[in-house]
Structures are given as C-alpha cells and as structure tokens.
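Here is what each chain is made of, one letter per residue.
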Amino acid sequence: MNDSFVAAVVGRSTDLKDYRLRSKLQPLSQSSKAPQNHRDPPGPTENRVTSPGTGKNAQISEHTDLTGTRCLGNDGRLLFSLAGGSLRPCCCGEGENSLVVADLGSSGSSGIKLKVFRGTSLVSESSLLDLPSGLVSFFMDLNEPRVPALAVASGPCIYVYKNLRPYFKFTLPGLEVDPLEQDAWAGHTDPQALRELLEGIRSKSILSQRSLHFLSLEPEKWEEFVKLHQDQPIRRQTVITCLGTLRKCTADEDGVSCLVIGTESCEVYVLDPEAFIILTKVVVPAPPVVLDVSGQFDVEYRITAACRDGNVYILRRDCEKPKYTVELSSQCVGLVRVGKTVVVGCSDQTLQGFTQKGKRLWSLPLPSPISALSPMPLPSRGFGGLLVALSSGEVRLYQDQWLVNTQRAPEPVTAMTFGRYGREEGTVIMATRGGGMLVRILRRTASLQKSEGGGPPVAQSVRLNVPKKSQLFVDQTLREREQGSLMQSAFLTDLLRTRVRAAQAYCRALEASEGPCSEGLSSEGPIKLHAAVRGLGPRFTLTLYVVNTAAVRPIIGLRVCLLYDPAHYTVAPPMLTLPLLAPGLNYSLSTLVTCCGALHTSDVIRACVVQEGRGGVLLTANINMPQAEGLV
C-alpha cells in the first residue's frame, strides 16, 4: 500500500457523549479536502508526505455528512497511512481511550510527529527521529497502576514511550560486514580505486550503508567522504519491517507482552519486555512484511509471517525454522487472524482462508483490489468478523466467506482498525487516500446475521421423492433377519470357490508359460515379453519387445518362435534370434506378417520364447491381430 499513517486507539473508557456535546459540528471546509494534485507516496522505502498538521494546539475538526459518518481531518491538513493501526489499552494512565497517530510531516524526517488525540482534541505531541515502520502498545511490567507503554519501530531501533515520554531505546544487533569491504576501506585512499573495488564486491555480497552512500555520491564529493569515514569502523544495521506483540505468560488483556520484530535481514525476533534482551530468533526465507501473533511465549505460540516471496510462514515454539509454509497465488497485501482461521488478502483480488497448519479452507473473489484488512471481534455478541476495504471505496464485513454488510467511504480507505473507543464497544477508524480519517460506531441494535446468499444451497434442503416401501422390500428385510447366518455361509462358500478357481487358473498359466513374465529361468533370471502391431493390412509389422528383468546376470541363447495358421497369415521370418540380453535393457525384434485369407479375417499369433539346450517353452504371448482393411 502506498500510504504513510500509523494509528492505534488506546484506553479503556471515556464518556463519548461528553466530547460529542462539546464538539461543534461544522461543515467540511475546502481546506480539509484532498488537493486535486495530490500524489501517493513513492513507495515503502521512501515514504513522503506533503501536508501534516502542526502545532500542539491543533484539533481534529469534526463534521457529519448525510450518511451520519463522523469524518475527522487534521485542520484541513492531510494524514497519509503507512500501515493499519490497532486498538490498544490506555497509554496515558487516565483510563481513557486515546488515538495515537504517527504523522509523517512534509519536510522529511524533521516533521515526523507522534500525536495523541483524546476525543476530538490533540492532547500530546512528540517528535520522532526517523520514519516509523510499526506502532504497538503493550504492558512491559506488573507495576500498579497498570500503565501500558508505546513501542515505535524506526530503522533498526525500537523507541519505547511510557506516559507519553521517551523511556528506552533498543537497537537490534548489527549484521556481519564483508571482510573484503573492511579491507577495501582500510587499505585504499584513492577514491577511484576504492569505488571500483566496492563495485566488484557489490555484485557478490551486500554492502554496508556507508559503502552504498559512497557509491551514490557525485565524483567531486568522493575524496571528502573518504577522508571523513576512512578511520571509522564499518557498521551494517538491519531495518525493522513489521512489529507485533506476544503475551508472555498469561492471556489477560493487561498481561505482560513481548515484542515480536520482523527485519529486512529475514529474521524474526522475540524481545523480552523487561530486560529488553532477545529471547528467540527465527530465520525465514524472505523479509517479513506482515505479522500476526497468538498464544503465550511461556506456553505455546504461533507467529504467522507474510513475506516478500509471496509465501506465508507459520512459526511455532522451539522451532528453528518455519513449521508450515503456505504458497499464495499472488503477493500478500494483508493478513489477519479471525478465530482459528488465518485470512490473507492477495493482490489478485482474492480473499483466502487457511487453517493454523496452512491448509486452504476457502477462496473468495472480490470486485476490486484490497487496500486494507482488519479483524472485527465482538466477544459480547459472540461474533468474529473481518473488515475488508477495497480500492473502489467500498468497505465490506465478512463472517468467514459470507458477506454480512457493505458500507461505502467517501474515498478509498488505505488503513483501518476496529475495537473499543470510549464507551462504544464497536468503533472502526479508517484513514483515507486523501488524508482524512473516518470514525464509524456500530449501532447496538445492528444485526450481524449472515446474508440470505450464505450457507448451503436451497436445493440441499428439498426433500427427495423417495418411494414407499414395497411388499418385496419388506419380505427381503424379513428374510435377511431370519436367515442371516445361512446367507453369510453361502457367501463365504462362493468366495472360497472363486479363490480356488483363480489359483488353479494361475497355476495352469504358469505351467503353460502363458504369463507376461517368465519364471522358469531360475539360474539366469526372468524375462518380459510384449508385442506391438503396426499397419492397416493386409501387411503388418509385428514388433516384439524383450526385457531381461534380472538384477546383474545377462541371458544368452534365446529365440522367439512365431506359431500361426497358414490359412490366414504368412510370417517372414517365423523364427527370431535374440542377442545377449543385458539386465534392464529393452530389445526389439521386427517381422513382417501378411494376411493371405480371402476374407481377411483376424486370428491369433502365438510368440514362444525358447532357449537352446533346454526343453519346453519359457514364455508365451498371444497376439490378437487386427482386422485387415483391404488389399494395398
């Protein structure tokens, strides 16, 4: 998604009616609309924005449109979305829900702000040093009162905020630097020679950020850059791509949680929330872009990671590599867990459901591309759904693969999150492509039943026209009840008689050497024979294929004799000599068969395999000749 907004609604309770009464409903001003010349950010590696909100006294202006939707904009400024947000417990310790927004600004990294909105007012604002790639709230200790912390991922670092103030900074361990790159910076002072050497190393391994920056400079800046950095050690850092939380030992809502980190170096880390040490590390085949975590670290957990290679990997406890792999039909654009089902949105406009072991359950086509996904859990109603935002501006609610409800947003939605906000149990906050935010509250009387089109087809509930029981059926049932033992004895007698006849026929075939495989060559090994007839008639080409199936021993001195009725056919030659048969090779012999009968009727030609010095036929094959089409 080309977006640059990170949001999380945090808190437990607030009087939503109070701020509704205090807020003045105003019409949407021209400044709060998206400009016509707005362009989406260039990509996830260089997210840029054009018009952030500024000033600590800025407030979210609120208005109501014709559909009753409460639209939130930032004083006419634009907010862009980078990733879907999530509803989290309070991070301010006052028992109120708050909306935490990472506003990327318009002047590079200097304008990035971490803003906290309570109700419709901006209550806090902090500066961020770099572009954020993830934002979660979590409980890092058991201290009272229970105040969650806020973790912001940016570059290779995790910035932890407590009470909305900087608390701790954790940096991921550095990556190994190529020894050739270190030798190049240590032994070369000529910028041109250093550049040529780094270009050669670049094709074989991954360079550090310093070397990549040097290769991108203009020639007049090479010498100054080399003098400035030559004596400094080379460091190579990874970049955090996604962030999640994992309960430590309990499944309580306010339980201590670990941080789960996905990196550009194809690694997934689980970070201890108290000591900030790495508890476990798992390497995946490609960089993860979306994480979904469930379970407890001390008991059992699952980490579902969607990666850039188009696959989804499921990680389990005490596994050094992914336990299950799911191959998707296209690239993943979103991944959420609804109950025990993992739902993946793909770029080919499909929504796919999988089990926790990666088995596909269903696939659902959609009318337009997916722009955002969010789970919609309502435990009080026993409902678990999925919100799907489409690029056409449509927002759909699904329960499994069944469509429950459809809403339409004024603009395409690029990120959304659902959960408790204030006293309202069901609130969805959406960020649009034009930079606005929408807040929609679920009515308490809303029906969340599946639509009529869901469930089994109507024909499945139609009763079959089964005829009534006839007198013959009743008599047969009574006979089976009364004479069941006699019928069973008769069945077993017939079964044994059939088996005896089959065994006798098999013995006769072995004695007459009429089977497809010879068993008489005990000293040399068995052979196999089959034939193929080519032609329309009256002249045919008969090809015999002979294979020695012995393991290592060859066979010599074999001939094939063709027995036929002279009144129907003439065969030239009727006797074929086989060469030495090496084990496992297929030997072919051909002869010409001419149909000489007046009516050109078909008959059987028998091919017999004999061996010099031994009496009897070793193998026999009956060849059914086809009907001759006519004289040629």
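Just so it is clear, the model here is predicted, and its values are computed rather than measured. (Residues numbered from 1 in each chain as written. Predicted model: local features only at pLDDT ≥ 70, side-chain atom pairs only at ≥ 80, totals over all residues. Heavy atoms only, no water.)

**Re the packing of helix α3 (residues 191–202) against helix α5 (residues 222–229)**
- One way to put it is that α3 packs onto α5 with a least axis distance of 9 Å and a crossing angle of 80 degrees. Of the possible angle classes, the one that applies to α3 and α5 is roughly perpendicular. Where α3 abuts α5, its residues P191, Q192, L194 and R195 lie against W222, E223 and V226.
- Considering only residue class, the contact of α3 with α5 consists of 4 nonpolar, 1 polar and 2 charged. (Axes fitted to C-alpha atoms, helices over the stretch in contact; angles between N-to-C directions. Helix = DSSP H or I, 4+ residues; strand = E, 2+ residues; numbered from the N terminus. Parallel < 35°, antiparallel > 145°, perpendicular 65-115°, else oblique. Contact = heavy atoms within 4.5 Å. Nonpolar A, V, L, I, M, F, W, Y, C, P; charged D, E, K, R; others polar.)

**Looking at the nonpolar core**
- Core analysis: the largest hydrophobic core is formed by 29 residues, its most contacted members being L529, L544, V560, L562, L581 and V593.
- Sorting the residues of this core by element identifies β31 (527–534), β32 (539–548), β33 (558–563), β34 (569–572), β36 (586–595), β37 (604–611) and β38 (619–624) as the ones contributing at least two each.
- Here L581 is in contact with I527, V546, N548, P554, I555, L558 and Y587, once residues within four sequence places are set aside. (Core = buried A, V, L, I, M, F, W, Y, C linked by side-chain atoms within 4.5 Å. Buried < 20%, exposed > 50% of the residue type's maximum accessible area, 1.4 Å probe, protein only.)

**Focus: the sheet that holds β37**
- Across the sheet, which stays open at both edges, the 4 strands sit in the order β35-β33-β37-β38 with antiparallel pairing between neighbours. With one partner strand each, in any of the chains shown, β35 (575–577) and β38 form the two edges of the open sheet. Strand-to-strand twist of the sheet, defined as the mean angle between neighbouring strand axes without regard to direction, takes the value 20 degrees.
- Where β33 meets β37, 6 bridges bridge the pair, whose relative direction is antiparallel. The residue of β37 that forms the bridge with C561 is C608. (Pairing = 2+ DSSP bridges.)

**Quick look at the side chain of R210**
- Mapping R210 onto the fold places it in helix α4 (residues 209–215).
- Despite being buried, R210 has no salt bridge partner; E181 is the closest side chain of opposite charge, sitting 6.9 Å away.
- Polar contacts involving the side chain of R210 include one to the main-chain carbonyl oxygen of Q232, which spans 2.7 Å.
- In contact with R210, not counting residues within four places along its chain, are W185, F225, H229, Q232, P233 and I234. (Lys, Arg positive; Asp, Glu negative; His and termini not counted. Salt bridge = Lys/Arg side-chain N within 4 Å of Asp/Glu carboxyl O. Polar contact = N/O pair within 3.5 Å; in protein donor to acceptor, adjacent residues only side chain to side chain.)

**Some details on the confidence of the model for the protein**
- Of the residues in the protein, 79% reach a pLDDT of 70 or more, and the chain-wide mean stands at 77.
- Low pLDDT, under 50, characterises residues 1–91; the predicted model gives this stretch 236 contacts beyond four residues in sequence or across chains. (pLDDT = per-residue confidence, 0-100.)

**So, the pairing of strand β12 (residues 240–247)**
- Among the 8 residues of β12, 7 are classified as buried, and the element is accordingly described as predominantly covered.
- With 7 bridges joining them, β12 and strand β13 (residues 257–263) adopt antiparallel strand pairing. Residue pairing for β13: L243 is matched across the bridge by I261.

**Quick word on the sheet that holds strand β22 (residues 350–354)**
- Within the open sheet, the 4 strands sit side by side as β20-β21-β22-β23. Their pairing is antiparallel. Each edge of the sheet is formed by a strand with only one pairing partner; in this case those strands are β20 (332–338) and β23 (360–365). In this sheet, neighbouring strand axes are inclined to one another by 20 degrees on average, regardless of whether the strands run parallel or antiparallel.
- Direction of pairing for β20 relative to strand β21 (residues 341–346): antiparallel, over a ladder of 6 bridges. By the bridge assignment for β21, R337 is matched with V342.

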